[in-house]
Amino acid sequence: MTEVVSNVNCRNCGAPLELAPGEILITCEFCGTTFNQSSDKAFVLKHSIVPNSMSKDDVKALVKRWMRGDTKPPNLAKASKFHDIKLTYLPFFVIDVKAKTEFKGGMTRTGGWIPREGVMDKEYFWKVLGRRATRFPTREYDIPISTKVNFDMSKVPQGSEFHNTELDESEAVSVARQEIESHHRFLLEQDVDSVDRVDTTFDVDEIEFLHAPVWEVRYEFKGKGYNVLVDGGSKAIIKGEVPPPDTSMKGFFGNIKRAMTGD
Ligand SMILES: [Zn+2]
């Protein structure tokens, strides 16, 4: 798909910038300033970046190690071919928010009705990815926030992809509210079978905006493609697709042979 690109000038240094459809908060690739291209209001959030600490070879070695781990096909590391290994800087909002859910209902699982009423009072650093269509396991990604530094374009290596956000901060907050609400509902349902009333109030303390390095690895195994996501900051696997176990007879005998020869 060819993306229709439009042009805009950096509000700080005037440099011409290209932006893809849907992008709202634009970071200038020359001076590193971020501005909201659809609003005249100044962008005031603190912008940080998590430095990447891996080379392509480091990523390969890590994924190979992961391939040799438990619950993987035994020859995965040997028989896989790497296709694409690329570094992308993804934009996240980290929202420090207190969420208080008051609820009233009852537990019915024992056959009777035991009233349940109370307050769930929690504080989160809730992460929201600033992209709409990107499928990314945000909940499973533990952003290494302690290594972040002030945003600086020179921390983004040549050849990596840099993504602007398609959500502004107020949309990110409303995404966080919806997600926390359904998370609290899920927690409630462990204990309350029939919920009569549930009401969540939010108190947003701070919103941080940051770019984090994620390596996307594409590998091929037995003619099929799979993806692995690697955290370039903490050098951890975020999530990896594992081929299904080989249940054919050939695979079965192969497994026995390997078990006997230790190959
Ligand atoms: Zn600029």
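Residues numbered from 1 in each chain as written. Predicted model: local features only at pLDDT ≥ 70, side-chain atom pairs only at ≥ 80, totals over all residues.

Caption draft 1: Representation of the nonpolar core in the model. Counting 35 residues, the largest nonpolar core has Phe92, Phe93, Ile95, Val128, Ala212 and Val230 as its most contacted members. Counting only elements with at least two residues in this core, the list comes to helix 1 (56-67), strand 6 (81-107), strand 7 (114-129), helix 3 (169-189), strand 10 (194-221) and strand 11 (224-231). With nine residues, strand 6 is the largest single contributor of residues to this core. Those residues in contact with Ile95 that lie beyond four places of it in its chain are Trp126, Val128, Ala172, Val173, Ala176, Val204 and Ile207. (Core = buried A, V, L, I, M, F, W, Y, C linked by C-beta atoms within 7 Å. Buried ≥ 20, exposed ≤ 12 C-beta atoms within 10 Å, placed from the backbone. Helix = DSSP H or I, 4+ residues; strand = E, 2+ residues; numbered from the N terminus. Contact = placed C-beta atoms within 7 Å.)

Caption draft 2: Highlighting the pairing of strand 2 (residues 16-19). The pairing of strand 1 (residues 6-9) with strand 2 spans four bridges and is antiparallel. Residue pairing for strand 2: Ser6 is matched across the bridge by Leu19. Turn length for the strand 1-strand 2 hairpin, with the two strands adjacent in sequence and antiparallel, is six residues, and the turn residue Gly14 shows positive phi of about 85°. (Pairing = 2+ DSSP bridges.)

Caption draft 3: View of the environment of Ala176. Here Ala176 shows up in helix 3. Taking the C-alpha atoms as reference points, Ala176 and Trp126, 50 residues apart in sequence, are found 6.6 Å from one another. In contact with Ala176, not counting residues within four places along its chain, are Ile95, Val97, Trp126 and Val128.

Caption draft 4: Inspection of helix 1 at higher detail. Across its twelve residues, helix 1 extends 16 Å between first and last C-alpha, which sits within 8% of the 16 Å expected from 1.5 Å per residue. Looking at helix 1, one finds that the buried residues are Val59, Val63 and Met67. Within helix 1, the buried residues cover an arc of 75° as seen down the axis, which keeps them to one side. Turned more than 90 degrees away from the buried face of helix 1, the exposed residues are Asp57, Ala61 and Arg65. Looking at the buried residues of helix 1, the elements they touch are helix 2 (76-79), strand 6, strand 10 and strand 11. (Expected span 1.5 Å × (residues − 1). Arc of directions from axis to C-beta.)

Caption draft 5: Representation of the domain arrangement of the protein. What the domain assignment reports for the protein is domain 1 (1-44) and domain 2 (45-261). Using C-alpha coordinates to define each centre, domain 1 is positioned 27 Å away from domain 2. At the junction of the two partners, domain 1 supplies 13 residues and domain 2 supplies eleven residues. For the side of domain 1 that touches domain 2, the secondary-structure elements that each account for two or more residues are strand 3 (25-27) and strand 4 (34-36). It is strand 3 that provides the largest number of residues to the side of domain 1 that touches domain 2, a total of three residues. (Domains from an automatic or database assignment.)

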